[in-house]
Amino acid sequence: MAIQKVMVIGAGQMGSGIAQVCAQAGLEVLLNDISEESYERGIGTITRNLSRNVEKGRMAEDEKAAVLQRFTKSLSLQDAKDVDLVIEAAVENMDIKQSIFKQLDVIAPEHAILASNTSSLPITEIAAVTNRPAQVIGMHFMNPVPVMKLVEIIRGLATSDEVYNSIEELTKKLQKVPVEVNDFPGFVANRVLMPMINEAIFTLYEGVATKEAIDEVMKLGMNHPMGPLTLADFIGLDTCLYIMETLYEGFGDSKYRPCPLLRKYVKAGWLGKKSGRGFYEYS
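Residues numbered from 1 in each chain as written. Predicted model: local features only at pLDDT ≥ 70, side-chain atom pairs only at ≥ 80, totals over all residues. Heavy atoms only, no water.

### A word on the nonpolar core
Then, in step 1: Among the nonpolar cores identified, the biggest contains 36 residues, and Leu31, Phe71 and Leu85 are the most heavily contacted of them.
Then, in step 2: Sorting elements by how many residues they give to this core places helix H1 (residues 13–24) first, with five residues.
Then, in step 3: In contact with Leu31, not counting residues within four places along its chain, are Val8, Gly10, Ala11, Gly15, Ala19, Tyr39, Ile43, Ile46, Phe71, Thr72, Lys73 and Ser74.
Then, in step 4: Leu229, Leu237, Tyr256 and Leu262 belong to the second largest nonpolar core, which has 24 residues in total. (Core = buried A, V, L, I, M, F, W, Y, C linked by side-chain atoms within 4.5 Å. Buried < 20%, exposed > 50% of the residue type's maximum accessible area, 1.4 Å probe, protein only. Helix = DSSP H or I, 4+ residues; strand = E, 2+ residues; numbered from the N terminus. Contact = heavy atoms within 4.5 Å.)

### With respect to the pattern of salt bridges
Then, in step 1: What the rule picks out here adds up to 15 salt bridges.
Then, in step 2: Residue Glu88 is joined to Lys97 by a salt bridge in which the shortest nitrogen-to-oxygen separation is 2.4 Å.
Then, in step 3: By relative accessible area, Lys97 is classed as buried at 0%.
Then, in step 4: Arg155 is paired through a salt bridge with Asp161; the nearest N and O atoms lie 3.0 Å apart.
Then, in step 5: Here the residues in one salt-bridge network are Lys5, Glu28 and Asp82, joined through shared partners. (Salt bridge = Lys/Arg side-chain N within 4 Å of Asp/Glu carboxyl O.)

### Quick notes on the side chain of Arg155
Then, in step 1: Summarising the element assignment, Arg155 is placed in strand E7 (residues 150–155).
Then, in step 2: Side-chain polar atoms of Arg155 contact the side chain of Asp161, separated by 3.0 Å.
Then, in step 3: The contacts of Arg155, once residues within four sequence positions are left out, are Ser160, Asp161, Tyr164, Glu180, Val181 and Asp183. (Polar contact = N/O pair within 3.5 Å; in protein donor to acceptor, adjacent residues only side chain to side chain.)

### A word on the environment of Lys219
Then, in step 1: With respect to the secondary-structure elements, Lys219 resides in helix H8 (residues 211–222).
Then, in step 2: With relative accessibility at 33%, the residue Lys219 sits in the partly exposed group.
Then, in step 3: Apart from residues lying up to four places away in sequence, Lys219 is in contact with His224, Pro225, Met226 and Gly227.

### Brief notes about the sheet that holds strand E4 (residues 85–88)
Then, in step 1: Spatially, E3-E2-E1-E4-E5-E6-E7-E8 is the arrangement adopted by the eight strands of the open sheet, whose pairing is mixed. Looking along the sheet, the strands with just one partner apiece sit at the ends: strand E3 (71–74) and strand E8 (177–182). The average angle at which neighbouring strand axes cross in this sheet is 25°, direction not considered.
Then, in step 2: Bridging between strand E1 (residues 5–9) and E4 involves four bridges; their strand directions are parallel. The partner of Val6 across the bridge, within E4, is Leu85.
Then, in step 3: Across the sheet, helix H2 (residues 36–55) is in contact with strand E2 (28–32) and E3; its angle to E3 comes to roughly 160°.
Then, in step 4: Helix H4 (residues 94–107) rests against E1, E4, strand E5 (113–116) and strand E6 (136–141) of the sheet, and its axis sits at about 170° to E5. (Pairing = 2+ DSSP bridges. Axes fitted to C-alpha atoms, helices over the stretch in contact; angles between N-to-C directions.)

Any functional reading would require information beyond the geometric quantities listed.
Okay, here's the thing in structure tokens:
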């Protein structure tokens, strides 16, 4: 199936990045959010990213203008009535995602594929609230989307081969690398990454070393570009906690138990870079 028109739901950090790469690939993009303010913030981020590309000689000014012209503002899910694909990048909460997919199932045309950018929630469970589970799939982009090459493509229990192939082809068109993953909690990326981050937090909690020392060990000893505690701050400690809770609940295995220090920081509102304080302070 040829995908020409895409709706991206959520104009936050992930949604705006997904919308940007879709528009750069020549697709018509409806960028949807629940408020005008959120939409403007998202389109502002995209404009700044494109301007940086022009400054660095990666893109001509007329190319930037052409990309921006492919965006249409959307403040209602009703706008999904004539799209080929919806990519949902709303908050990581099953009730919210299921509510969105229920509505999309009624609004979107019969041929439309419904994709979720969830980083840990079961695609099968999201698909179950629709009458088109064969057309529901996961597209887990990495952050920051315009830079990172990987997209985990997650098949739900009922996802058809035709839908998988269409999304794999689209991912390559977006200049990304698709990797097929089955529908288990956390998929591959977060099932491996989050327990490492959680263990780093336990290491701090138990007084094994300072936060700086833990990050330095992983950067210099394991050649990671940033330490796990710095990375947690960038991801958002609330997001880290939510994913660990999803893994813990999904597998029922104590190795996925979130560190009490992580819970304490989230309860204190220390969510990382976005709140100004997490394991480190950000001015």
